[in-house]
Structures are given as structure tokens and as C-alpha cells.
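Topology and contacts: notes
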Amino acid sequence: MALSISVVVLLAIVVFLLIRKSGLKAGHAAICALLGFYLASSSIAPSISTLTTNVASMIGGLKF
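Per chain, the residues get numbers from 1 upward, laid out in the order the sequence is written. Side-chain atom pairs in this predicted model are given and counted only at pLDDT of 80 or more, local residue features only at pLDDT of at least 70, and totals for whole chains, interfaces and linings cover all residues. Side-chain numbers here rest on the full set of heavy atoms in the structure, without hydrogens or water.

Under an unreviewed UniProt entry, the protein chain has the name DUF2304 domain-containing protein and belongs to Streptomyces narbonensis.

Elements are defined by DSSP. Helices are runs of H or I of four residues or more, strands are runs of E of two residues or more, and each kind is numbered from the N terminus. Looking only at helices and strands, one finds 3 helices and 0 strands in the protein chain. All radius of gyration figures rest on C-alpha atoms, and the globule criterion is 2.2 Å times the number of residues raised to 0.38. Taking 64 residues into account, the globule formula puts the C-alpha radius of gyration at 11 Å, and the protein chain, at 14 Å, lies well above it. Dimensions along the principal axes, computed over C-alpha positions, put the protein chain at roughly 40 × 35 × 15 Å. Burial status follows relative accessibility: with a 1.4 Å probe on protein chains alone, a residue under 20% of its type maximum counts as buried, one over 50% as exposed, and anything between as partly exposed. Taken over 64 residues, the protein chain has a buried fraction of 3%. Residue exposure ignores everything except the shown protein chains as possible cover, and the areas themselves are Shrake-Rupley values with a 1.4 Å probe. When the accessible surface of the protein chain is split by element, carbon and sulfur atoms take 74% of a total near 5,800 Å².

Further remarks concern a nonpolar patch on the surface. Each patch is built from residues that are more than 30% exposed by relative accessible area and take part in no salt bridge. Like charges join if they lie within 9 Å; nonpolar side chains (Val, Leu, Ile, Met, Phe, Trp, Tyr) join within 5 Å. Throughout this description, the term salt bridge denotes a Lys or Arg side-chain nitrogen within 4 Å of a carboxyl oxygen of Asp or Glu. A cluster of nonpolar side chains, namely L51, V55, M58, I59, L62 and F64, defines an oily patch on the protein surface of about 720 Å² accessible area. Of note, M58 is situated in helix α3 (residues 45–60). M58 sits in the exposed class, given a relative accessible area of 55%.

This part covers the confidence of the model for the protein chain. Values of pLDDT, the confidence the predictor places in each residue, fall between 0 and 100. Per-residue confidence for the protein chain averages 84 on the pLDDT scale, and 92% of its residues sit at or above 70. Ranking the helices and strands of the protein chain by mean pLDDT puts α3 first, with 89, and helix α1 (residues 7–21) last, with 84.

Let us look at the layout of surface pockets. Only protein atoms enter the 1 Å grid, on which a cavity is a set of points fitting a 1.4 Å probe that cannot get out and a pocket is an open set with protein on both sides within 12 Å along at least 5 of 7 lines, lining residues being those with an atom within 4 Å of a point. Grid points are joined across faces, edges and corners, and a volume is the space filled by probe spheres set on the points. In this model, the largest pocket occupies a volume close to 390 Å³. In this structure, the largest pocket is lined by 14 residues; those nearest its centre are V7, V8, L11, C32 and G36. Contributing elements (two or more residues each) for the lining of the largest pocket: α1, α2 (26–40) and α3. Ranked by the residues each element gives to the lining of the largest pocket, the list is headed by α2, at 6 residues.

Shown next, in the form of C-alpha cells:
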């Protein structure tokens, strides 16, 4: 059985858990989200996208 989940949903869950359990303040999470928006519109965005695609395919290729 394969599990497919959006990276956005996964990161949102991680941020939610960090806010609830680890004491991450909502302001810090908002600043991180803004950084993500600015990174997405920068010239480094294609490199980040390629890196995350390659890591995801590497993880998807692991056999348990």
C-alpha cells in the first residue's frame, strides 16, 4: 500500500505539532511561512524544488 501526502500538508502538520508540543510560538511559525513565500518567488526556488523532488524520490525508492 502506497501513501501519498502533499508536502504542504505534511509541513503544516509538523508546524502544528511544534506549536502544540515543543513551544514554537505562532509568531515564529508565521515568520517561517513568510520566508517560505519569499523563497518560492526567489531565483533559488527551482533548486529547492529539484532538491525536494530528488529527496522524495530517494525516500520513495527505499524498501522496508
